Amino acid sequence: MLTSKKTTRAGQIRAAQQRLEAIWSAGKDRDKTLRDVVTVLHEEIDGYDWVGIYLVQGDDLILHNFLGRPTPHARIPVGEGICGAAITADDTIIVDDVHSDPRYLACSIETASEIVVPIRVSGRPVGEIDIDSDRKSGFGEEDRRFLEAVAEKLAGFLAA
């Protein structure tokens, strides 16, 4: 059986990277760029069932935009939930089974795993990419490396 390159995680990431390169080179405004990145991640990567970007405002994370099921968590205090923990720790957090993690703020009963990647400007977290998957252990090191590179590129748009 032949497997399409896009059906592998690596192939999906390559397709997303190509689309993201067009976004980076277009130099659009901050809000449009953030929306476009969420769209690419949601459309190109299987298992990225909910994709959102939160921005730090004071002591809260404010949901800038998202694609996926509705969420009751448009504002999350820094330090609460997995999203708040990623900002406090200033590190990527991967949770293979959200239902076994007491920090998880339930959004959807279908969500099984989550990855949260801080976006840093001048060495401090100013936002984050938050992705939920309906599959347990939906994220691995390949996802981490890819999303950390995306976060680094987004930092340039948030610093401007």
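Structure: see above.
This is a predicted model, so every value here is computed, not measured.

(A) Main features of the packing of aromatic side chains. Across all of its chains, the model carries four aromatic pairs by this definition. Taken together, a centroid distance of 5.8 Å and an interplanar angle of 35° make the contact between Trp24 and Phe157 tilted. You can see Trp24 sitting in helix H1 (residues 9-26) and its partner Phe157 sitting in helix H4 (residues 141-159), a full 133 residues away along the chain. A single burial state applies to Trp24 and to Phe157, both of which are buried.

(B) A look at the packing of helix H2 (residues 30-44) against H4. For the pair H2 and H4, the least separation of the axes is 10 Å and the interaxial angle reads 165°. Classified by the angle their axes make, H2 and H4 are roughly antiparallel. Handedness of the crossing formed by H2 with H4: right-handed. On the side of H2, the interface is formed by Arg30, Thr33, Leu34, Val37 and Leu41, while H4 contributes Phe146, Leu147, Val150, Leu154, Phe157 and Leu158. Partitioned by chemical class, the residues of the contact of H2 with H4 number nine nonpolar, one polar and one charged.

(C) Local environment of helix H3 (residues 81-89). Burial runs high along H3: seven of the nine residues are buried. Considering only its buried residues, H3 is in contact with strand S1 (50-57), strand S2 (60-67), strand S3 (75-77), strand S4 (93-95), strand S5 (113-121) and strand S6 (124-133). Backbone geometry just after H3 places Asp90 at a positive phi near 55°.

(D) Quick peek at the sheet that holds S5. Within the open sheet, the six strands sit side by side as S3-S2-S1-S6-S5-S4. Their pairing is antiparallel. With partners counted over all chains shown, the strands left at the sheet margins are S3 and S4, one partner each. Averaged over all pairs of adjacent strands, the angle between strand axes in this sheet comes to 20°, irrespective of strand direction. Pairing of S4 with S5, which is carried by three bridges, proceeds in the antiparallel orientation. Paired with Ile93 across the strands is Val116, a residue of S5. H2 rests against S1, S2 and S6 of the sheet, and its axis sits at about 60° to S2. In the packing of H4 onto the sheet, contacts are made with S1, S4, S5 and S6, and the angle to S5 comes to roughly 35°.

About the thresholds
Residues numbered from 1 in each chain as written. Predicted model: local features only at pLDDT ≥ 70, side-chain atom pairs only at ≥ 80, totals over all residues. Heavy atoms only, no water. Phe/Tyr/Trp six-rings, centres within 6.5 Å; stacked < 30°, edge-to-face > 60°. Helix = DSSP H or I, 4+ residues; strand = E, 2+ residues; numbered from the N terminus. Buried < 20%, exposed > 50% of the residue type's maximum accessible area, 1.4 Å probe, protein only. Axes fitted to C-alpha atoms, helices over the stretch in contact; angles between N-to-C directions. Parallel < 35°, antiparallel > 145°, perpendicular 65-115°, else oblique. Left-handed = near helix turned anticlockwise from the far one by under 90°. Contact = heavy atoms within 4.5 Å. Nonpolar A, V, L, I, M, F, W, Y, C, P; charged D, E, K, R; others polar. Pairing = 2+ DSSP bridges.

That's the geometry; what it means functionally is another story.
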